[in-house]
Amino acid sequence: MTLAEVIIRLVMVALAIGLLMSIAPLLTWGERKWSALAQDRVGPNRAAIELAGKSITLNGLLYPLADGLKMIFKEDFMPTRGEKFLHFVSPWLAVFPALAVVAVIPLGARVNLFGHEIPMQVADLDAGILYLFAFASLSVYGSTLAGWASNNKYGLLGSLRTSSMLISYEVAMGLTLVGLMMTVGSLRLSDIVEYQQGTMLGFLPRWGIFMQPFGALLFFVSAFAETKRAPFDLPEAESELVAGYFIEYSGMKFGMFYLGEFVEVVTGACLFAVLFFGGWQLPWASSEAYYNPLVVGIGGFISTAYLVFFVITLLGLPLRDPRIQFAIAAGGFLGGAGLALLSGAEGLLGPKGGVLGLILSNGPELAKLLMSLMVFTMKILILCWFHILLRWTYPRFRYDQVMKLGWKMLLPAALVNLVVTGIVLLIIR
Amino acid sequence: MPAQYYPMLMIIALAGLIAASMLTLATLMGPYRPSKQKGEPFECGSPSRGSLHQRFSVKFYIVAILFILFDIEIVFIYPWAIQFMSLGMLAFVEMMIFIAVLVAGLAYVWKKGALEWEE
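Residues numbered from 1 in each chain as written. Chains lettered and ligands numbered in written order. Predicted model: local features only at pLDDT ≥ 70, side-chain atom pairs only at ≥ 80, totals over all residues. Heavy atoms only, no water.

Some thoughts on the overall build of chain A
Right, so step 1: From N to C terminus, chain A includes 16 helices and six strands.
Right, so step 2: Since a compact globule built from 429 residues should have a radius of gyration of about 22 Å, the 23 Å found for chain A is in line with a globular shape.
Right, so step 3: Seen through its principal axes, chain A has C-alpha atoms that stretch 75 × 70 × 50 Å.
Right, so step 4: Sorting the 429 residues of chain A into buried and exposed places 59% on the buried side. (Helix = DSSP H or I, 4+ residues; strand = E, 2+ residues; numbered from the N terminus. Rg over C-alpha atoms; globule rule 2.2 N^0.38 Å. Buried < 20%, exposed > 50% of the residue type's maximum accessible area, 1.4 Å probe, protein only.)

Notes on the interface of chain B and chain A
When the parts of a complex come together, some accessible area is lost, and that lost area is often used as the size of the interface.
Right, so step 1: At the junction of the two partners, chain B supplies 68 residues and chain A supplies 79 residues.
Right, so step 2: Between chain B and chain A lies a buried interface of about 6,800 Å² when both sides are counted; carbon and sulfur atoms form 77% of it.
Right, so step 3: Residue glutamate 116 of chain B is joined to lysine 408 of chain A by a salt bridge in which the shortest nitrogen-to-oxygen separation is 2.7 Å.
Right, so step 4: Here chain B is connected to chain A by four residue pairs in polar contact (both at pLDDT 80 or more).
Right, so step 5: Put simply, the parts of the chain that give the side of chain B that touches chain A at least two residues each are α1 (6-29), α2 (36-39), α3 (59-82), α4 (84-87) and α5 (89-112) of chain B.
Right, so step 6: The leading source of residues in the side of chain B that touches chain A is α1 of chain B, at 18 residues. (Contact = heavy atoms within 4.5 Å. Buried area = accessible area lost by both parts, 1.4 Å probe. Salt bridge = Lys/Arg side-chain N within 4 Å of Asp/Glu carboxyl O. Polar contact = N/O pair within 3.5 Å; in protein donor to acceptor, adjacent residues only side chain to side chain.)

Regarding the pattern of salt bridges
Right, so step 1: On inspection of all chains with the given rule, the structure shows 12 salt bridges over all chains.
Right, so step 2: Among the charged side chains, a network of salt bridges with common partners joins Glu31, Arg229, Glu261 and Arg391 of chain A.

Re the domain arrangement of chain A
Residues and elements named next belong to chain A.
Right, so step 1: Its domain assignment divides chain A into domain 1 (67-288 + 396-428) and domain 2 (294-382).
Right, so step 2: Inter-centroid distance (C-alpha atoms) of domain 1 to domain 2 is 31 Å.
Right, so step 3: Taken together, the contact pairs 24 residues of domain 1 with 14 residues of domain 2.
Right, so step 4: It is Leu113, Phe114 and Leu282 in domain 1 that bury the most area against domain 2; as a group they hold 30% of the surface buried on that side. (Domains from an automatic or database assignment.)

Considerations on the packing of helix α2 (residues 63-72) of chain A against helix α11 (residues 251-276) of chain A
Residues and elements named next belong to chain A.
Right, so step 1: At a closest axis distance of 7 Å, the pairing of α2 and α11 adopts a crossing angle of 135°. As far as their axial angle goes, α11 and α2 are oblique. Every residue of α11 that contacts α2 at Gly68, Met71 and Ile72 is listed here: Gly251, Met252, Phe254 and Gly255.
Right, so step 2: Within the contact of α2 with α11, the residues separate by chemical class into four nonpolar, three polar and no charged. (Axes fitted to C-alpha atoms, helices over the stretch in contact; angles between N-to-C directions. Parallel < 35°, antiparallel > 145°, perpendicular 65-115°, else oblique. Nonpolar A, V, L, I, M, F, W, Y, C, P; charged D, E, K, R; others polar.)

Details of a nonpolar patch on the surface
Right, so step 1: Taken together, the side chains of Ile49, Leu51, Ile56, Leu58, Val311, Leu315 and Leu317 of chain A present a nonpolar region at the surface, about 540 Å² in accessible area.
Right, so step 2: Note that isoleucine 56 of chain A resides in strand β2 (residues 54-56). (Patch = residues over 30% accessible without salt bridge, like charges linked within 9 Å, V, L, I, M, F, W, Y side chains within 5 Å. Areas by Shrake-Rupley, 256 points an atom, 1.4 Å probe, with all protein chains shown as cover.)

Details of the environment of methionine 95 of chain B
Residue and element names in this part refer to chain B.
Right, so step 1: The residue methionine 95 is located in helix α5 in this model.
Right, so step 2: Sequence spacing of methionine 95 and isoleucine 77 is 18 residues, and the spatial spacing of their C-alpha atoms is 7.8 Å.
Right, so step 3: Methionine 95 has contacts with Phe76, Ile77 and Trp80, leaving out every residue within four places of it along the chain.

Thoughts on the nonpolar core
Right, so step 1: Residues Tyr131 and Leu275 of chain A together with Ile11 and Trp80 of chain B are the most contacted members of the largest nonpolar core, which totals 145 residues.
Right, so step 2: Top element by residues in this core is α11 of chain A. It accounts for 15 residues.
Right, so step 3: For this core, the domains that each give at least three residues are domain 1 (67-288 + 396-428) and domain 2 (294-382) of chain A.
Right, so step 4: Discounting residues that sit within four places of it in the chain, tyrosine 131 of chain A has contacts with Ala100, Val101, Ala103, Val104 and Leu125 of chain A together with Met8, Ile11 and Ile12 of chain B.
Right, so step 5: Core analysis: the second largest hydrophobic core is formed by eight residues, Ala243, Phe246, Ile247 and Tyr249 of chain A among them. (Core = buried A, V, L, I, M, F, W, Y, C linked by side-chain atoms within 4.5 Å.)

Details of the packing of aromatic side chains
Right, so step 1: Applying the stated criterion across every chain, the model contains 29 aromatic pairs over all chains.
Right, so step 2: Arranged with centres 5.3 Å apart and planes meeting at 75°, the rings of tryptophan 80 of chain B and phenylalanine 84 of chain B form a pair that is edge-to-face. The same class applies to tryptophan 80 of chain B and to phenylalanine 84 of chain B, which are both buried.
Right, so step 3: Taken together, the ring pairs in this structure connect Tyr169, Trp207, Phe219, Phe220, Phe224, Phe232, Phe272, Phe276, Phe277, Phe386 and Phe397 of chain A into an aromatic cluster.
Right, so step 4: The ring of tyrosine 195 of chain A has arginine 206 of chain A sitting right over it, with the charged end atom 4.3 Å from the ring centre. (Phe/Tyr/Trp six-rings, centres within 6.5 Å; stacked < 30°, edge-to-face > 60°. Lys NZ or Arg CZ within 6 Å of the ring centre and 35° of its normal.)

Some thoughts on helix α1 (residues 3-38) of chain A
Right, so step 1: In this model α1 of chain A runs 51 Å from its N-terminal to its C-terminal C-alpha over 36 residues, within 8% of the 52 Å that 1.5 Å per residue would give.
Right, so step 2: Directly beyond the C-terminal end of α1 of chain A, a positive phi value near 60° is found at aspartate 40 of chain A. (Expected span 1.5 Å × (residues − 1).)

Considerations on the environment of valine 296 of chain A
Right, so step 1: With respect to the secondary-structure elements, valine 296 of chain A resides in helix α12 (residues 293-314).
Right, so step 2: Spatially, the C-alpha atom of valine 296 of chain A lies 20 Å from that of proline 106 of chain A, the residues being 190 residues apart in sequence.

Thoughts on unusual backbone geometry
Residues and elements named next belong to chain A.
Right, so step 1: With a phi close to 60°, aspartate 40 is a non-glycine residue in the positive phi region.
Right, so step 2: Relative to the elements of secondary structure, aspartate 40 occurs in the loop between α1 and β1 (49-51).
Right, so step 3: Backbone geometry at lysine 228 places phi at a positive 60°, although glycine is not the residue there.
Right, so step 4: Structurally, lysine 228 can be placed in the loop between α9 (213-226) and α10 (238-241).
Right, so step 5: Classification of lysine 228 as buried rests on a relative accessible area of 5%.

Take a look at the structure:
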């Protein structure tokens, strides 16, 4: 690899990890706010920074920061009779694979900027899905060893439940994707995203969820179970097992299990967006549409307006206020106009020299890059929100129900999905 | 090793480093004041009785064994699924036979009650 390539890859690594590490703490806050909404409370709103005599709370957004600081300075507890080494490393085993999974996920379109080809993906492996499964299943070790090593009955029960639940749903998860693999014919995630451009049957976007609706549902359920969150939170069921596998953990080590869970939610959302919601593709459009200034303008309007709306809801500002509505519309308009200008300016003005010319000639690619990143982020945020919504909608399963769902429903249903997909593909071929 | 794997090593290293630095921070920054009571297993206040390493249900082992069987069978399906469009009818029939064997295994396990948890 040349030096430029190494730098591009390093920036991509930082971007991918940065995306996870910024959305996951936000989600810890979002979950608490959403639980407050579900239970008719105000939710966290006290953590504040004193600045020039005023206390700034930012609608509770400082909580992830306050929690992190608190956890770092808490006592790091070690059970006297537990397995010391395993107790020490299992939080590492819970966080590390969850972070490393993001390597193969395409965050945006592949572009050609300033003479360098930039894939918005850390590593474009031809066995991408296999890599995902390999690392996703590594996180089983973290929670299983944590409970086993902490010399506690609740912990042991929690870790037994975790290990058998997670491996059961892994079987179902592996089988649900076979239908998609047959349709696309590749394990490479960038190929899967490329395949999902344009329309099918004349009116539907050619997304995985429309090609494999049943497979998408099954995959969503099993990927949800893999995150160990309610209604699948049997391993840590607080009304039965107190805290389950991390009962003997305190401070930052507990925080690592907590963070790992939210990172898994984000990577699950990334994966679902890539496999079934077209990744960075616009609905109904081919990936060439990113070079059309009109499409980029409209798409830029929608996605910038959505991101402004997202920030405004984060800050808890009233959406009924006409000034706020104006701010959303203005933000969307500015974003859309800016991107359309970036994309189409060279076509209007003709080639120019100097720095301006360099920017203008790379404009369409730059607009494509920004636009595809925003579209993908938008999809992830919506899916994460859906995750939290489900978590506060459904009560916890009983353990026999969870195992029954995994082995007696998801597994046979995935097999049926595979056979039906095969027959349909053979007929329409 | 092909060049496509190098960036993957970078992200693995960075992820490992971030997790390790969190672990080290946890160990270095907090106080450490162990005591006899604190070191006891936490069981909601009542003193812990009996050994931790007691027997637990054999169901968990059975699930693990079934997982290995079915997961390997699923991995056998992947290469076929990738090449499905170019292989055609014959390969489809062959895979249906393979899946029939898999379903027979599942039906056997089901019938034997290995998937039952309530009793």
